[in-house]
Amino acid sequence: MAATRNARKSTRKTRKAAQPKELISFHWEGETYVLDLDRNKVYRNWMAVETNKGFTILGAYRQQAAAISA
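Residues numbered from 1 in each chain as written. Predicted model: local features only at pLDDT ≥ 70, side-chain atom pairs only at ≥ 80, totals over all residues. Heavy atoms only, no water.

Description of the nonpolar core
Note the following rule: Definition used in this section: a nonpolar core is a set of buried Ala, Val, Leu, Ile, Met, Phe, Trp, Tyr and Cys residues joined via side-chain atoms within 4.5 Å. Burial classification: accessible surface area is computed with a 1.4 Å probe over protein chains only, and a residue below 20% of its type maximum counts as buried, one above 50% as exposed, and the rest as partly exposed. Secondary structure is summarised from DSSP: a helix means a run of H or I of at least four residues, a strand means a run of E of at least two, and numbering begins at the N terminus for each. Contacts: residue pairs with any heavy atoms within 4.5 Å of one another.
Membership of the largest hydrophobic core is limited to 12 residues, which are Ile 24, Phe 26, Trp 28, Tyr 33, Leu 35, Leu 37, Val 42, Val 49, Ile 57, Leu 58, Ala 60 and Tyr 61. Only strand E1 (23-28), strand E2 (31-36) and helix H1 (51-69) provide two or more residues apiece to this core. Counting residues per element, this core draws most heavily on H1, at 4 residues. Those residues in contact with Ile 57, other than ones at most four positions away along the chain, are Phe 26, Trp 28, Tyr 33, Leu 35 and Val 42.

As structure tokens, then:
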């Protein structure tokens, strides 16, 4: 009786190349902020800004970017 052998294939998952984060420096109302557009976060001195203020700053940036591209 011949032994049957099941061949196992390795199922390694390949990682996608890490894409660099899109961090943008933005000057608004006399302060400089760093915007992380991928995560919709706003930082000042690398500390996260309050959500409501961050939302306002991201809106101001997007409005300015739309005005430039139009």
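A few points about the sheet that holds strand E3 (residues 41-44)
Spelled out, the test is: The criterion for strand pairing is that DSSP finds at least two bridges linking the strands in question. For helices, the fitted line uses only the C-alpha atoms of the stretch in contact; every axis is such a line through C-alpha atoms, and the angle between N-to-C directions lies from 0 to 180 degrees.
An order of E1-E2-E3-E4 is seen for the 4 strands of this open sheet, with the pairing classed as antiparallel. The open sheet is flanked by E1 and strand E4 (47-48), the only strands paired with a single partner. Sheet topology note: the E3/E4 ladder contains 2 bridges and is antiparallel. Counterpart to Tyr 43 in the pairing with E4 is Ala 48. Where H1 meets the sheet, its contacts fall on E1, E2 and E3, and the angle it forms with E1 comes to roughly 95°.

What to know about the pairing of E2
Two strands pair when backbone bridges link them, and E1 and E2 are joined in this way by 6 bridges, in the antiparallel orientation. Within E2, the residue paired with Trp 28 across the bridge is Glu 31. Between E1 and E2, which follow one another and run antiparallel, lie 2 residues, and Glu 29 among them has a positive phi close to 50°. Adjacent in sequence and paired antiparallel, E2 and E3 are bridged by 4 residues, among which Asn 40 carries a positive phi angle near 55°.

A word on unusual backbone geometry
One non-glycine residue, Glu 29, lies in the positive phi region at around 50°. Residue placement: Glu 29 occurs in the loop between E1 and E2.

Observations regarding the environment of Phe 55
Turning to its location among the elements, Phe 55 is positioned in helix H1. In this structure, the C-alpha to C-alpha distance between Phe 55 and Lys 41, residues 14 residues apart in sequence, is 8.3 Å.

Comments concerning the side chain of Asp 36
To be explicit about the condition: Polar contacts here mean pairs of N or O atoms no more than 3.5 Å apart (in protein, one a potential hydrogen donor and the other a potential acceptor; neighbouring residues in sequence count only if both atoms are side-chain atoms).
Tracing the backbone shows Asp 36 in strand E2. Within the local environment of Asp 36, its side chain forms a polar contact with the backbone nitrogen of Asp 38, the two atoms lying 3.3 Å apart. Leaving out residues up to four positions away in the same chain, Asp 36 has contacts with Lys 21, Glu 22, Leu 23, Lys 41 and Tyr 43.

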